[in-house]
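Observations on chain architecture
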Amino acid sequence: MRYIKSVVLGVFLTVSAHFICHGKYKFKPSVIENAKRSVVSVDTRAALTAYTTPGEAYGNGVVIDKEAGYILTSGFTVGPVVVADYTVGFFNGIEAPAKLIYYDTWADFALLQIDPSLFPKEVQAVKLSSKNPLLGQSIFTIAKEKNKKAIDYSGSIDDTNYSIVWTMPQHFIRVSIPSKSRASGSLIFNEDGEGIALNCAGSDTMDIGLHLSYVHHALSDLKAKKLPVRKHIGALLTTYSLDDAVRYDHLSAASQKTYCTKFPNAKNKILQVNSILKSTPADHRLLPGDLIWALNGQLVGPNLVDFDRALDKSSKDQLLLTIFRNGSFHEVSIPCYDLNSHRVTKMVQFGGITFFETDDMCSTLAGLPPKTLGACIAEPNTIFKAPAFHYDHFKVLAMRLLAMNGQPIQKLDALIELIPQLVHQKYFTIEYINYIPLRHGMWDGFAHDRYKTNVEYDPNLAPPKVWTWHPIHLEWQSQEIVL
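This is a predicted model, so every value here is computed, not measured. (Residues numbered from 1 in each chain as written. Predicted model: local features only at pLDDT ≥ 70, side-chain atom pairs only at ≥ 80, totals over all residues. Heavy atoms only, no water.)

**Overview of the sheet that holds strand E4 (residues 39–49)**
Put simply, the test is: Note on pairing: two strands pair once DSSP finds at least 2 bridges between them. Secondary structure follows DSSP: runs of H or I at least 4 residues long count as helices, runs of E at least 2 residues long count as strands, and numbering of each begins at the N terminus. Lines fitted to C-alpha atoms define the axes here, with helix axes fitted over just the stretch in contact, and angles between the N-to-C directions of these axes take values from 0 to 180 degrees. We call two residues in contact when some of their heavy atoms are within 4.5 Å.
In spatial order, the strands read E4-E5-E6-E9-E8-E7; together these 6 strands close into a barrel with antiparallel pairing. For this sheet, the mean inter-axis angle between neighbouring strands, taken without regard to orientation, is 40°. Bridge count for strand E6 (residues 70–73) against strand E9 (residues 110–113) is 4 bridges, and the pairing is antiparallel. Note that in E9 the partner of Thr 73 across the bridge is Ala 110. Docked against the sheet, helix H1 (residues 29–38) engages E4 and strand E5 (55–65), running at close to 25° with respect to E4. Lying over the sheet, helix H3 (residues 213–223) contacts E5, E6, strand E8 (95–103) and E9, oriented at roughly 155° with respect to E6.

Right, here's the structure in full:
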């Protein structure tokens, strides 16, 4: 669960005969009761991870389809790229095992599935609204902590276009709810009890909820037994003030007027390139600060989810982007790539370390191109004494692996072939380029230097093992490396 720092906002509870009232917000008791019957606690016990810390984590989820056994939750509630056991707890205390069937590689959501026969009879499935959230709309959310009763919080929507670089750039709504992240993985509900956003994080005064268009798209494909199509260009986008574009970037007042006339609810914002993911189509084609003006000749609004969905729907190999840069408009031809092609589908457990080829999120954190052979500290004791990159609960060895025992090695399959030799030899070396600051006396060094480290294999650690994601059974399967 995650917490955003802010200022405390008091919310007081009173009850009437026809409505449950939270200050000025009124909701029918039956609506809140049905919502509470849909929200579950999610207990994640991770045994192995790619780039988060193994251990226990707790969050929320919401039943969205009893017939299929689907439970919607946030990506961080289940943990991205983990081998884990999941247990969901219903409103009446009954628990059931669940398995992960999908997580989005960029947007913060995931789907768990349980045997439909294990749902308690009284559990309600929530309808996900297809309508866009409205500014000022009254809403509530439900927090269901493990072995505790569900708690409801109420508030209103204060921003419908809160596009930020979270795990990766994605479109959120912002609501005035003081849940302190207890409702992460739950839904934000409207007055009719329909879900209008997926609660991803909270503070004393506000929560952020993922726009459900991402979820609707994935559900449609999954129910058709297809992997959801996810495309991108590798540009990490955020929103930018058009007034600042006029002041600092020399956008003409006429262009600003044209844009605001086309998008009257844009609140004078436009999509801007925040940074570029290395070795993706956007690399060397776009620059930080570029304003996204049009896609294939159509003006692009400030809603990031609309841009993301336009990429997913595109049937063309090449897209035509119109950007504004350094006082003038430019047309850039740029291809899309499949986000699923960068998904982590194989991990190697060796010497207290998990090796894997980085996905987009991990590549962004470490400043590495996607599909770079990297590693995560998986156990307290490890034979690899390279420095670790710490980011919140991430613990990544931000390195580009170059060689082991003098043999060039940059891909996971090459490492798997080499491991038996390394184990039998016991003493070997590792060569890599470091991508994190190193401490040099009283100063931090930021050079991407090449290092060579001596390694002694410890047979008391877990035996080397390969973990592979099975696309049919939708689960991680392990196999020991034959030594």
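**Concerning the pairing of strand E12 (residues 169–175)**
What counts here: Each residue gets one of three labels from its accessible area relative to the maximum for its type: buried under 20%, exposed over 50%, partly exposed in between, using a 1.4 Å probe on protein chains only.
Within E12, 6 of the 7 residues are buried, which leaves the element mostly enclosed by the surrounding structure. Here strand E11 (residues 151–165) runs beside E12; their pairing, made up of 6 bridges, is antiparallel. Counterpart to Asp 159 in the pairing with E12 is Arg 174. Here E12 pairs with strand E15 (residues 207–211) via 4 bridges, running antiparallel. Note on E15: the bridge partner recorded for Arg 174 is Ile 208.

**With respect to the confidence of the model for the protein**
Applicable threshold: Per-residue confidence from the predictor is reported as pLDDT, a score between 0 and 100.
When pLDDT is averaged along the protein, the result is 87, and 89% of the positions lie at 70 or above. Counting contacts from residues 1–19, a segment whose pLDDT is below 50, to residues more than four positions away or on other chains yields 54 contacts.

**Observations regarding the packing of aromatic side chains**
Keep this limit in mind: Centres within 6.5 Å are what make two rings of Phe, Tyr or Trp a pair, Trp counting through its six-membered ring; a difference in plane orientation under 30 degrees is then read as stacked, over 60 as edge-to-face, and the rest as tilted.
Applying the stated criterion across every chain yields a total of 16 aromatic pairs. Seen from their ring centres, Trp 166 and Phe 172 are 6.0 Å apart, and the 75° between their planes marks the pair as edge-to-face. What makes Trp 166 partly exposed here is its relative accessible area of 23%. Ring geometry for Phe 324 against Phe 329: centres 5.0 Å apart, planes inclined by 65°, an arrangement best described as edge-to-face. Every member of this aromatic cluster is reached through a ring pair, and the members are Tyr 259, Phe 263, Trp 293, Phe 324 and Phe 329.

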